[in-house]
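Coordinate analysis (summary)
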Amino acid sequence: MNDKRDIRIQVPVLARVEGEGALELTARDGQIEQLRLRIFEPPRLFEKFLEGHNFSEVPDMVARICGICPVAYQMSAVQAIEQAFMTPISDWVRSMRRAMYCGEWIQSHALHIHLLAAPDFLGFNSAIQMAEVYPEAVQRGLQLQALGNKLISLFGGRSVHPVGVCVGGFHQAPSSEAVENLHRELEAALPQAEQLVYWTAGLALPDDEQDFVSVALRHDSEYPMYSGRLVSDTGLDIAIEEYEQHFRELQVPHSTALYALLHDEPYLVGPLSRLNLNRDYLPSEVQKLMESLPVSFPSRNMFHAIVARAIEIYTALLEACRLLADYEYQAQSAEFIEPKPGIGYGCTEAPRGILWHRYDLDEDGMVLKSRIVPPTSQNQARIEEDLHQSLTAYGLQHTDAELRLRAESVIRNYDPCISCATHFLKLKVDRE
Amino acid sequence: MKKVLIVGIGSPFGADQLGWQVIDELQQRTQIIERPPQQYELVKLDRPGAALVETMRGYEQVILIDAVQSGQSRGTPVVLTADEIIRNNSNLSSHGFGIADSIALASALQQLPDKLILTGLDIGSISEYAFTKQDVIGLGVRIMQLTGLNNVEGT
């Protein structure tokens, strides 16, 4: 096929992503002329909804932003509010929050690997088709997803939009018996998670090395999830409070989600970034397993993100087992809260990458202003950059159907959560 | 093998509450006997996606309750088998996995319960308003007859 032909590919509704987005691509004389990841889902306006609400309502409100990663929204929010109020948080609360967060990583990653991403690499249109040929792999994915959901429910009462998290801790501590039962199930699933890592590393992933900037949290003693400093592989090392001085959000006409740039350049957040920057903090069992993989980290191949997700499932399972092993029931599961006026910042590692929150609160703990920067909007500029590089490397001589599939695979590889991203829009109205 | 799972699917809004309201109704009726029948399990789910496959695993019979939009007038009872759900799945939603996708996935994995039906009421053209108490009771009674729950001693 002629690689200089005019190409016009439109994917009006992207399949196997969370939310509604489209792709527009035009190429002429062997060059990509225009490439847009068009996000048209209506803005969600959550930052505005939060204004005037009491701090105690925030965890349940922000959980509604996403059905897949509600825990991440709750964790960044409570962390920010507790910082503003200068509330001391006990080790028990910190550990149990991390355990709950492990549940979200397990369920979200298991869903993405098996139902959204893997069909691309195995030549299927859907997970349903894939299940007929690879039933054991899909069953393993569904079982891991269910286990992650159980871990969220243990602390949150339910897995979708959980309600157990509050500023200061948890509304209620789970019973020792419930924790013991789930701990047994988590331990029993470890071999499955180990097999999953090998399975993803054995997939025929495209060879597509690229230059990109990885950004993630880094903690001084653990693999990042609940807290840390913001670091990059280009030398960034800042406190989360300094985010606004280094990262800039901007609006483009074709998207209802904001773009974000680090020092005016696109950057990557998510499992591949985390692993590239923090592999030294993975549990020893995971590091040992990684030595025998045909894929090594840090990696410049974006398609290795599926292996990074599997490694993080195994890591999260081990972490949850460790954190729940010596569980002690706490009758008082939350700190006493005394509202103070001020500004608080929170940043945690959602399954898809860093989720940054800022709240301005008054003396009664009412929200004056809020700002939420979700991972998908941070990845948007990088996705478009990746599409340019990936499609050019793949070759524009491929058929429209092949180019379309490759482009969709590139986008899906980021596990974009479009519904999370579309929550802000500035309108400019010209009046005569 | 556990026996019967009755799942109310929905959200807290408008007509979509139907599945949850029917579960509340069934729970109230079975609580009257102060001895919940052990062979039945009642659960409420909020847009479960693919997690529905694991939820259904191990049951002989599953009844899914949901508000549906099939082009009929509001309040029309709807009963669909697994085959009918899979056959009629237009798969137009971009929001990942719906109920029909989950049932198709369970079928591909040969993990469907022996008996599975989806029952509910058509929302007609209005999704904003919840169904009446009368509608909820009517559907609850039909489900009790369908599953044999009404024959459990004491109800």
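Residues numbered from 1 in each chain as written. Chains lettered and ligands numbered in written order. Predicted model: local features only at pLDDT ≥ 70, side-chain atom pairs only at ≥ 80, totals over all residues. Heavy atoms only, no water.

Attention now moves to the sheet that holds strand E2 (residues 21–28) of chain A. Residue and element names in this part refer to chain A. With respect to topology, three strands assemble into an open sheet ordered E1-E2-E3, the strand pairing being antiparallel. Sheet topology places strand E1 (7–11) and strand E3 (31–39) at the edges, where each strand pairs with a single neighbour. Direction aside, neighbouring strands of the sheet carry axes that sit 5° apart on average. Examined bridge by bridge, E2 and E3 share eight bridges and lie antiparallel to one another. Residue pairing across strands places Leu-25 opposite Leu-35, the latter belonging to E3. Here helix H13 (residues 375–394) sits on the sheet and contacts E2 and E3; the angle it forms with E3, its principal contact strand, is near 145°. (Pairing = 2+ DSSP bridges. Helix = DSSP H or I, 4+ residues; strand = E, 2+ residues; numbered from the N terminus. Axes fitted to C-alpha atoms, helices over the stretch in contact; angles between N-to-C directions. Contact = heavy atoms within 4.5 Å.)

This part covers the pairing of strand E13 (residues 367–373) of chain A. A regular strand places its side chains so that they alternate between the two faces of the sheet. All names here are of chain A. Taken together, the six bridges between strand E12 (residues 353–361) and E13 define a ladder with antiparallel strand orientation. Within E13, the residue paired with Trp-356 across the bridge is Val-373. Following E12, the chain reverses through five residues before pairing antiparallel with E13; Gly-365 in that reversal takes a positive phi of roughly 80°.

Residue and element names in this part refer to chain A. Under the definition given, this model contains 30 salt bridges over all chains. We note a salt bridge from Arg-28 to Asp-6, for which the minimum N-O separation is 3.4 Å. Residue Arg-28 is found in strand E2, and its partner Asp-6 is found in the segment before E1; the two are separated by 22 residues along the sequence. Classification of Asp-6 as exposed rests on a relative accessible area of 51%. (Salt bridge = Lys/Arg side-chain N within 4 Å of Asp/Glu carboxyl O. Buried < 20%, exposed > 50% of the residue type's maximum accessible area, 1.4 Å probe, protein only.)

What follows is about the state of the cysteines. The term disulfide refers to a covalent linkage connecting the sulfur atoms of a pair of cysteines. Residues and elements named next belong to chain A. Summed over the entire model, instances satisfying the criterion amount to zero disulfides over all chains. In this model Cys-102 remains outside any disulfide bridge; the closest cysteine sulfur is found in Cys-321, 9.3 Å from its own. A disulfide-free cysteine, Cys-166 has its sulfur positioned 19 Å from the sulfur of Cys-102, the nearest such atom. Judged by its relative accessible area of 11%, Cys-166 is buried. (Disulfide = S-S within 2.5 Å.)

Right, let's get into helix H3 (residues 70–85) of chain A. With 16 residues, H3(A) extends 23 Å from end C-alpha to end C-alpha; this agrees with the ideal 22 Å at 1.5 Å per step. Burial runs high along H3(A): 15 of the 16 residues are buried. (Expected span 1.5 Å × (residues − 1).)

Residues and elements named next belong to chain A. Between Phe-297 and Pro-298 the backbone carries a cis peptide bond, its omega angle lying at 5°. The residue Pro-298 is located in the loop between helix H11 (284–291) and helix H12 (305–325) in this model. One non-glycine residue, Met-86, adopts positive backbone phi at about 55°. Within the secondary structure, Met-86 sits in the loop between H3 and helix H4 (91–122). Accessibility expressed as a relative area gives 62% for Met-86, which makes it exposed.

Another aspect to go through is the nonpolar core. Leu151(A), Ile311(A), Tyr359(A) and Leu64(B) are the most contacted members of the largest nonpolar core, which totals 154 residues. Counting residues per element, this core draws most heavily on H4(A), which supplies 17 residues. Apart from residues lying up to four places away in sequence, Leu151(A) is in contact with Ala99(A), Cys102(A), Gly103(A), Ile106(A), Leu182(A), Leu186(A), Ala320(A) and Leu324(A). The next biggest cluster of nonpolar side chains, apart from the first, holds 21 residues, and it includes Ala15(B), Ile23(B), Ala67(B) and Ile117(B). (Core = buried A, V, L, I, M, F, W, Y, C linked by side-chain atoms within 4.5 Å.)

The next subject is the packing of aromatic side chains. Across all of its chains, the model carries 12 aromatic pairs over all chains by this definition. An aromatic cluster of at least three residues, connected via ring pairs, comprises Tyr243(A), Phe247(A), Tyr267(A), Tyr345(A) and Trp356(A). Geometry around Phe212(A) places Arg300(A) over its ring, the cationic atom sitting 4.4 Å from the centre. The ring of Phe131(B) is capped by Arg74(B), whose NZ or CZ atom sits 4.4 Å from the centre of that ring. (Phe/Tyr/Trp six-rings, centres within 6.5 Å; stacked < 30°, edge-to-face > 60°. Lys NZ or Arg CZ within 6 Å of the ring centre and 35° of its normal.)

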